[in-house]
Amino acid sequence: MKQFKAESKRLLDLMINSIYTNKEIFLRELISNASDAIDKLYYNSLTDKKIKVNKKDLCIKLNIDKDNRLLTISDNGIGMTKEELENNLGMIANSGSLKFKEENESKKDIDIIGQFGVGFYSSFMVSDKVEVVTKAYGTDKAYKWTSKGVEGYNITETSKDDYGTTITLKIKEDSDEFTYSDFIDSYTIESLVKKYSDYIRYPIKMNVTRRELKKGSDNEYEDVTKEEILNSMIPLWKKNKSKIKEEEYNSFYQSKFYDYQDPLKVIHTSVEGMTSYKSLLFIPSHAPYDYYSKEYEKGLALYSNGVLIMDKCSDLLPDYFGFVKGLVDSDDLSLNISREMLQQDRQLKLIASNIEKKIKNELADMLKSDRDLYEKFFKEFGMQLKMGIYNDYGMHKDELQDLILFHSSKEGKLITFKEYVSGMNKDDENIYYACGETIDKIDMLPQVEKIKDKGYNILYLTEYIDEFVIKTLMQYDGKNFINVCENDLNLDSEEEKESLKKLNEDNKDMFNLMKENLNNEVADVRFTHRLKNHPVCLVSEGPVSIEMQKVINAMPTDENINAKIILEINDSHPIADKLKKLYKEDKEKFESYTKILYSQARLIEGLSIDNPTEVSNLICELLSK
Ligand code: ADP
C-alpha cells in the first residue's frame with residue numbers, strides 16, 4: 001500500500017472527521033470533476049482531428065446499488081494514466097495551502113478546506129472505501145485506485161472497456177448523527193443533482209423507478225425503471241437571470257472557484273451587439289489567503305459557446321480588479337485560438353473593456369446603495385484599488401479615485417473624496433490628511449488637534465500605501481491634498497503670520513544653537529501657531545514626508561531617504577518662555593531641554609530615537625533636581 005503525501009493525509013483526516021458539515025457536496029464535487037474530464041476530451045477533439053468523440057455520447061452516469069451500499073459516478077471523459085492517477089489522487093495539488101495553515105495554526109480548519117476546494121477527497125466524508133477505475137483516452141491499459149482513507153491507497157492494473165473514469169463509493173453505515181443511507185436513495189440523489197449540478201452541460205443519467213399507470217389500465221399501477229436525464233444541462237450563465245435562485249449562484253460559485261463562503265456579489269450579464277457574450281462574475285466575500293502574494297493568479301474562465309477554452313484568462317481582468325472570479329462565454333471567439341493570439345484578439349479586448357466598466361459600475365452602485373456591503377468589500381480589497389491608483393504612474397486614477405474610502409475625523413467613519421468635498425466650505429481649497437499607524441494614533445498627533453479645532457475635516461491615512469496614492473492623485477476636483485504634518489498650512493491671518501515671522505526672526509540665534517545641539521539633524525527650528533496644547537511637533541518640507549520616509553526605509557532595499565524635518569515649538573506653550581530664559585541663563589540646561597523636546601517630537605511622530613540612553617539620563621537628571 002502507498003502512503004498519501006503528508007499534507008493530503010492531514011486533509012483527509014480533517015475530511016473524514018468531518019469538520020466540514022455539509023457532506024452532501026461530495027456529489028457536486030465528483031460530478032464537476034467528471035464534467036471537467038469530459039470537457040478536456042471534447043476540447044481536444046475539436047483541436048486535434050485524431051481524437052474522435054461523438055458529442056451526443058458524452059455523459060455522466062450515476063448508479064445506485066442499495067444492497068451493497070454503493071454509489072457510482074462514471075464519465076466518458078479523458079480518463080487518467082497511471083501517473084496521473086498517482087499524482088492527482090495521491091496528493092493535493094495545492095500543498096501551499098497547507099503550509100499556510102501550519103503558519104496560521106489559529107485559523108479554523110474549515111477555512112483551509114475551503115481554500116483547497118473540497119474536491120475528490122470529499123468522497124471520504126460519506127464513504128468507507130473509494131474505488132476509482134480509469135482508462136486514459138488513447139491508451140489501452142486501465143487502472144484501479146482504491147483507498148479506505150488515511151492509511152493509504154493501492155493502484156493495480158485492471159480492465160475497462162471504454163476510456164473514462166468510474167468512481168465507486170461504499171457509503172458509510174448510518175450513525176446517530178447522520179443518515180448516510182440518503183446517498184443510496186435515488187430520490188435524494190436526484191434532488192442533489194438538481195440542486196447543485198443542474199447546469200452541467202453533459203447529461204447526468206440515472207435509472208429512476210417511477211410508479212406509472214399500467215398500460216391499458218386506468219387504475220392499476222406498476223413500477224417502471226427508466227434511464228432519465230436529471231439535469232437541465234443549461235449552463236447557469238445561459239439561463240434566464242430571473243429564473244436563477246441565489247442558492248444556485250452560490251453553489252456554482254463555491255464549487256467552481258473553491259470557496260467555502262458565498263460570494264459578496266454576483267454580476268450576471270448578457271451582452272448582444274458587435275461582440276456578444278455572457279458573463280457571470282463574482283466578487284468574493286473575502287480575499288484568498290494568497291491574494292496579496294505573487295502566487296495569486298487573476299483571470300476569468302473563457303468559454304466559446306459553452307466549451308471551456310481557457311481556465312484563467314488574465315487578459316480579461318485589469319490587475320486592480322484581479323479579485324473578481326468568474327467566466328465569460330462568447331460565440332464570437334474561435335475555438336482554435338492560441339494563448340498568444342488571444343492576447344491580440346479584438347473581440348477579447350472589447351469584452352475585457354466592457355467587463356472592466358461593468359465591475360466599476362457595480363462597485364459604484366454598491367457604494368451608493370449598500371454602504372455596509374461596500375465597506376465589507378473595501379476591507380478585503382480596498383488595498384487592491386489603492387494599488388491600482390498608484391501603479392502605472394497613475395494611469396487608472398480617474399477610474400478608481402471615487403471607489404476609495406478613508407476615515408474622516410469629522411464623520412468618524414469611512415468616506416469618499418466626493419463626500420469630503422461636498423462637506424467643504426465654498427472657498428476651502430484643501431483636502432487635509434494625516435498619516436499614522438492607527439486612527440487613534442493619528443488622533444493624538446499634535447498637528448491634527450489644531451486643524452480639527454479650526455473646523456476642518458481630516459482624512460486619516462493608516463495604510464503604508466495611502467500617502468503614495470494621495471501623491472499620485474495630486475488633486476481631487478480641483479482641491480489640493482495637504483498633509484497636516486507638512487510645512488505651511490496657511491491657516492493664519494496675515495496679521496498672525498506677520499507676528500510669527502517677527503517672533504522667529506527675533507529668536508534666530510536661539511534656534512541656531514538648538515540646531516547645533518541636535519547635530520543638524522533637523523533642517524530648522526522655529527515657533528509655530530500650528531499647535532494647540534502640545535509643546536512640540538515635527539513637520540516635513542519638500543517632496544518626502546516623514547511617513548514616506550518610514551515606509552521607504554522599512555523596505556528591504558538599500559535605498560534610504562530622509563525627509564527634511566523641522567522641529568516646531570508651540571509659541572503659546574509655557575515651554576517657549578522657558579527656552580528663551582534658559583538660552584540666556586544656562587546654555588548647558590538649554591541643550592538638555594532641546595534634546596528632550598526633540599526626542600519627544602520624534603516619539604509622537606512614530607520615529608525612533610538614536611540615543612535613548614542619553615535622553616533617558618537627561619530626563620532623570622531633570623526629575624531628580
Ligand atoms: P481539483 O478538481 O480541484 O483539481 P480534485 O481533488 O477534485 O481536485 O481532483 C484532482 C485531480 O484529479 C483533478 O484535477 C483531475 O486532474 C483528476 N480527476 C479527478 N476526477 C477525475 C475524473 N473523473 N476524470 C479524470 N480526471 C479526474
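Counting starts from 1 at the beginning of each chain's written sequence and moves along it residue by residue. Where local features are concerned, this predicted model is filtered to residues with pLDDT of at least 70; where side-chain atom pairs are given and counted, the filter is 80 or more; whole-chain, interface and lining totals use all residues. In computing side-chain values, all of the structure's heavy atoms are included and hydrogens and water are not.

### Quick look at the site of the ligand
Neighbouring residues are identified by heavy atoms, a residue being near a molecule or strand if any of them is within 4 Å of it. Every residue close to the ligand is listed here: N33, A34, A37, K40, D75, M80, N88, L89, G119, F120, T165 and Y258. In the model, an oxygen atom of the ligand is placed 2.7 Å from a nitrogen or oxygen of the N33 side chain. Contacts described as polar in this section are N or O atom pairs within 3.5 Å, which, within protein, must combine one atom able to donate a hydrogen with one able to accept it, while residues neighboring in sequence count only if both atoms come from side chains. Separating an oxygen atom of the ligand from a side-chain N or O atom of N88 is a distance of 3.1 Å. The method behind every accessible area is Shrake-Rupley, applied with a 1.4 Å probe, and residues are considered shielded solely by the protein chains displayed. Taken by itself the ligand offers 530 Å² of open surface, and the protein chains cover 79% of this. Helix and strand labels come from DSSP, where a helix needs a run of H or I of at least four residues and a strand needs a run of E of at least two; each type is numbered from the N terminus. Where the shell around the ligand is concerned, the elements lending two or more residues are α2 (25-47) and α3 (82-90). If you tally residues by element for the shell around the ligand, the top one is α2, at four residues. Taken together, the residues of the shell around the ligand sort by class into six nonpolar, four polar and two charged. Side-chain classes are defined by residue name, with Ala, Val, Leu, Ile, Met, Phe, Trp, Tyr, Cys and Pro counting as nonpolar, Asp, Glu, Lys and Arg as charged, and the others, Gly among them, as polar.

### Observations regarding the confidence of the model for the chain
Per-residue confidence from the prediction method is given by pLDDT, with values spanning 0 to 100. Confidence in the prediction of the chain, expressed as mean pLDDT, is 88, and 92% of residues score 70 or more. Contact between two residues is taken to exist if any of their heavy atoms lie within 4.5 Å; hydrogens are not considered. Long-range and interchain partners of residues 92-115, a stretch whose pLDDT sits below 50, account for 43 contacts in this model, where long-range means more than four residues apart.

### A look at the packing of aromatic side chains
Here the aromatic set is Phe, Tyr and Trp, taking the six-membered ring for Trp, and pairing holds for ring centres within 6.5 Å; pairs whose planes are under 30 degrees apart are stacked, those over 60 apart are edge-to-face, and all others are tilted. Inspection of every chain in the model, using the stated rule, returns 31 aromatic pairs. Centroid distance F377 to F381: 5.9 Å. Interplanar angle 40°. Geometry classified as tilted. Placement of both F377 and F381 in helix α10 (residues 371-390) is noted, with a separation of four residues, approximately one turn of the helix. When its relative accessible area of 0% is taken as the criterion, F381 is described as buried. Per-residue accessibility, obtained with a 1.4 Å probe over protein chains only, is compared with the maximum for each type, and a residue is labelled buried under 20%, exposed over 50%, and partly exposed between these values.

### Thoughts on the environment of S624
With respect to the helices, strands and loops of the structure, S624 is situated in helix α21 (residues 612-624). Residue classification places S624 among the exposed positions, given a relative accessible area of 63%. Linking S624 and K349, residues 275 residues apart in sequence, is a C-alpha distance of 74 Å. Within the local environment of S624, its side chain forms a polar contact with the backbone oxygen of C620, the two atoms lying 2.7 Å apart.

### A word on the nonpolar core
L302, F323, L363, Y374, F377 and L385 are the most contacted members of the largest nonpolar core, which totals 69 residues. When residues in this core are grouped by element, the largest group, eight residues, is from helix α9 (residues 346-369). In this structure, this core is formed jointly by two domains, domain 2 (236-375) and domain 3 (405-484), each of which donates at least three residues. Each residue touching F323, except ones within four places of it in the same chain, is listed here: F282, I283, P284, Y291, Y296, L363, F377, F381, Q384 and L385. Nine residue types can take part in a nonpolar core, namely buried Ala, Val, Leu, Ile, Met, Phe, Trp, Tyr and Cys, and a core is a set of them joined through side-chain atoms within 4.5 Å. Of all hydrophobic cores here, the second largest spans 62 residues; its members include Y121, V130, L192 and Y249. The source of the domain bounds is an automatic or database domain assignment.

### Remarks on the packing of α2 against helix α6 (residues 186-197)
Helix-helix packing is described using two parameters, namely the angle between the two axes and the distance between the axes. The geometry of α2 relative to α6 is characterised by a closest axis approach of 9 Å and an angle of 65° between their N-to-C directions. Accordingly, the angle class assigned to the pair α2 and α6 is roughly perpendicular. Between α2 and α6 lies a crossing whose hand is right-handed. Together, I25, L27, R28 and I31 of α2 and I189, L192, V193, Y196 and S197 of α6 make up the contact between the two elements. Classifying every residue of the contact of α2 with α6 gives seven nonpolar, one polar and one charged. What counts as an axis is a line fitted to C-alpha atoms, over the stretch in contact for a helix, and the angles between N-to-C directions run from 0 to 180 degrees. Angles below 35 degrees are treated as roughly parallel, those above 145 as roughly antiparallel, those between 65 and 115 as roughly perpendicular, and all remaining angles as oblique. With the far helix as reference, a near helix turned anticlockwise by less than a right angle produces a left-handed crossing, and one turned clockwise produces a right-handed crossing.

### Considerations on the sheet that holds strand β11 (residues 300-304)
Note on pairing: two strands pair once DSSP finds at least 2 bridges between them. Strand order in the open sheet formed by five strands is β9-β10-β13-β11-β12, with mixed pairing between adjacent strands. The sheet terminates laterally at β9 (265-271) and β12 (307-313), the two strands that pair on one side only. Taking the axes of each pair of neighbouring strands and ignoring which way they run, one obtains an average angle of 10° across the sheet. As defined by bridge partners, β11 adjoins β12 across four bridges and the pair is classed as antiparallel. If you follow L300 over to β12, its bridge partner there is C313. Sitting on the sheet, α9 is in contact with β9, β10 (277-283), β11, β12 and β13 (325-329), with an inclination near 40° to β10.

### Focus: α9
Take the residue count of a helix, subtract one, and multiply by 1.5 Å to get its expected span. The end-to-end C-alpha distance of α9, which contains 24 residues, comes to 34 Å, matching closely the 34 Å that a straight helix rising 1.5 Å per residue would cover. Taken as a whole, α9 has its buried residues at L348, I351, A352, I355, I359, E362, L363, M366 and L367. The backbone nitrogen of Q347 has a side-chain oxygen 3.1 Å away, supplied by the residue at the start of α9, namely D345.

### Section: the pairing of strand β7 (residues 204-213)
Every regular strand shows the same layout, with side chains that alternate between the two sheet faces. Inspection of the sheet shows strand β1 (residues 60-65) paired to β7 by three bridges, in the parallel sense. Looking at the pairing, I60 lines up with I204 of β7. As paired strands, β7 and strand β8 (residues 221-229) are joined by nine bridges and run antiparallel to one another. If you follow M206 over to β8, its bridge partner there is E228.

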